[in-house]
Every structure is written in C-alpha cells, then in structure tokens.
Amino acid sequence: MFSPGNKAERARMGEIVNQGERVLDMFAGIGYFTLPMARAGAQVTAVERNPTAFRYLVENVRRNGVDDRVRPYRADCRDVVRAGLSGARGRGTEEREATGGERPESPGLGEAETVDRVMMGYYEAHEYLDAALAALKPGGVVHMHEATPEALVFDRPVERLEAAAADADRSMEVLETHKVKGYSEGVAHVVVDARIT
Ligand SMILES: C[S@@+](CC[C@H](N)C(=O)[O-])C[C@H]1O[C@@H](n2cnc3c(N)ncnc32)[C@H](O)[C@@H]1O
C-alpha cells in the first residue's frame, strides 16, 4: 500500500488538519492517511474492512504512539457511520479491536456525533458519499479521491460531490482539486477537497 506517488498527499493531510479535530478515515488501509493526521493532533476514527490491512493498521497506530488519538474499527465504513449515528451497536462496532490496554474514552464516531473531516482515500469513494455526508458536520470538509479518465478531470468528481450534496439537501464548495499521481494510461488519481455546509 505504500505507493511513493502518494507521499506528498500523505504529508499534506498531516499539514491541513487542526489539533483536536475529529476525522473519519473511511478506508484507512494500513494507516497511510490516518497516521499523519493523528500525529498532527487529530482524533481519528479509522475504518478498514480487510483483516490483514486492519492488523497492520493497529500495529502502525501502536508503533507511532497515537493509540490515544485513533479509534480503529475492522468493519465496513457504512456500518460504522450507521451505528455511530443511530447509537445502535452494529456488526462493525462489535468487531472493533482495541489497540491495547485500558484507555480513556477516546472520541470516535459515537452516538449522534459527527466529524469535522472525512477522508475518502479509495478509488471507488464516490459510492460512499451518502455515508460520508451523513457523518460530516455542517461546514465540514470531505477529501474524495478518484481514478478519473483524463478527459473527465476534474468535472466528474466535482459533479459526483455536487450530486451527493444535493441528495442530502446540503450545499458544497470546492476548496481544492489536484492530481495525486498517474493511475494508469490516460487515467489520473485525483483528489477533491470540498466543504459541505
Ligand atoms: C486503495 S486502499 C487505500 C488505503 C489508504 N487510504 C491508503 O492510501 O493507503 C482502500 C482500502 O479501503 C478498504 N475498503 C474498501 N471498501 C471498504 C469499506 N466499505 N469499508 C471499509 N474499508 C474498505 C480496502 O480494504 C483497502 O484497504
């Protein structure tokens, strides 16, 4: 998962979060974006459904000394949003694994809680925009990644965000767009930062 092409984006995420901010990383992988954000002082709910990736996520959280700022869930991110927002204990939250020992109640996606920022570092992220927006507080920021054919950069991801915001009866403002790296011939890995009010 450690793609050198993502290095600058990884650093950027560590720079733009604010101390104490609440972040939901919906596709945490082994912690590629979770770690720099937590190290910068954010409280991150990190969701990863693949058991192997999750194991490395938990290990990386521990090795980087950010156990108190990361709440990892081995689950489908939709289940975590659903369970968090309704207060119900879904299958996802039951599978949560502690990163070790007793610790104080750390901010995660709890009952009726929403977050300041949603990280969507996954090429199919647009399919989860409804869940992302449900988790995002008014004025929060979403970072949506996408593998986009060159001819559709940046129109397609922006249109997808606009459509999701309209479906949720919310407004959307694009803060930043950029290419992260080449994905394949004629296809770019892009990210759009958008504020959802
Ligand atoms: C392309 S990787 C990116 C991981 C990380 N953001 C990075 O850049 O290294 C996408 C990850 O999302 C996970 N994933 C895909 N769908 C998911 C879902 N519905 N819920 C939670 N994790 C999911 C995959 O298992 C994979 O580890």
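Scope of this entry: the structure provided in the associated data block. Just so you know, these numbers come straight off a predicted model, no measurement behind them.

The rules behind the values
- Residues numbered from 1 in each chain as written.
- Predicted model: local features only at pLDDT ≥ 70, side-chain atom pairs only at ≥ 80, totals over all residues.
- Heavy atoms only, no water.
- Helix = DSSP H or I, 4+ residues; strand = E, 2+ residues; numbered from the N terminus.
- Buried < 20%, exposed > 50% of the residue type's maximum accessible area, 1.4 Å probe, protein only.
- Polar contact = N/O pair within 3.5 Å; in protein donor to acceptor, adjacent residues only side chain to side chain.
- Contact = heavy atoms within 4.5 Å.
- Phe/Tyr/Trp six-rings, centres within 6.5 Å; stacked < 30°, edge-to-face > 60°.
- Lys NZ or Arg CZ within 6 Å of the ring centre and 35° of its normal.
- 1 Å grid on protein atoms, 1.4 Å probe; cavity = no way out; pocket = protein on both sides within 12 Å on 5 of 7 lines; lining within 4 Å.
- Points joined across faces, edges and corners; volume = space filled by probe spheres on them.
- Nonpolar A, V, L, I, M, F, W, Y, C, P; charged D, E, K, R; others polar.

Some words on unusual backbone geometry
With omega at -5°, the peptide bond leading from Val153 into Phe154 counts as cis. With respect to the secondary-structure elements, Phe154 resides in the loop between strand E5 (136-149) and helix H7 (155-167). The phi dihedral of Asp169 is positive, around 60°, even though this residue is not glycine. Here Asp169 shows up in the loop between H7 and strand E6 (172-184). Residue classification places Asp169 among the exposed residues on the basis of a relative accessible area of 71%.

A few points about the side chain of His178
With respect to the helices and strands, the residue His178 is situated in strand E6. With relative accessibility at 18%, the residue His178 sits in the buried group. In this structure the side chain of His178 is engaged in a polar contact, spanning 2.7 Å, whose partner is the side chain of Glu9. What His178 contacts, discounting residues up to four positions off in sequence, is Glu9, Arg12, Phe154, His189, Val190 and Val191.

Thoughts on the packing of aromatic side chains
Under the defined criterion, the tally for this structure stands at five aromatic pairs. Ring geometry for Tyr123 and Tyr183: centres 4.6 Å apart, planes at 65°, overall edge-to-face. Of this pair, Tyr123 sits in the loop between strand E4 (115-120) and helix H6 (129-135) while Tyr183 sits in strand E6, and the two are 60 residues apart along the sequence. Its relative accessible area of 26% is what places Tyr123 among the partly exposed residues. For Tyr183, a relative accessible area of 43% gives the class partly exposed. An aromatic cluster is present here, built from Phe27, Tyr122 and Tyr128 joined pairwise through their rings. When the ring centre of Tyr32 is taken as origin, the NZ or CZ atom of Arg10, which lies over that ring, is 5.4 Å away. Directly above the ring of Tyr56 sits Arg55, whose terminal nitrogen or CZ lies 5.1 Å from the centroid.

Brief notes about the layout of surface pockets
In this structure, the largest pocket spans a volume of roughly 500 Å³. Lining of the largest pocket is provided by 23 residues; of these, Met1, Phe27, Gly29, Gly121 and Tyr122 occupy positions nearest its centre. A per-class count over the lining of the largest pocket returns 13 nonpolar, six polar and four charged.

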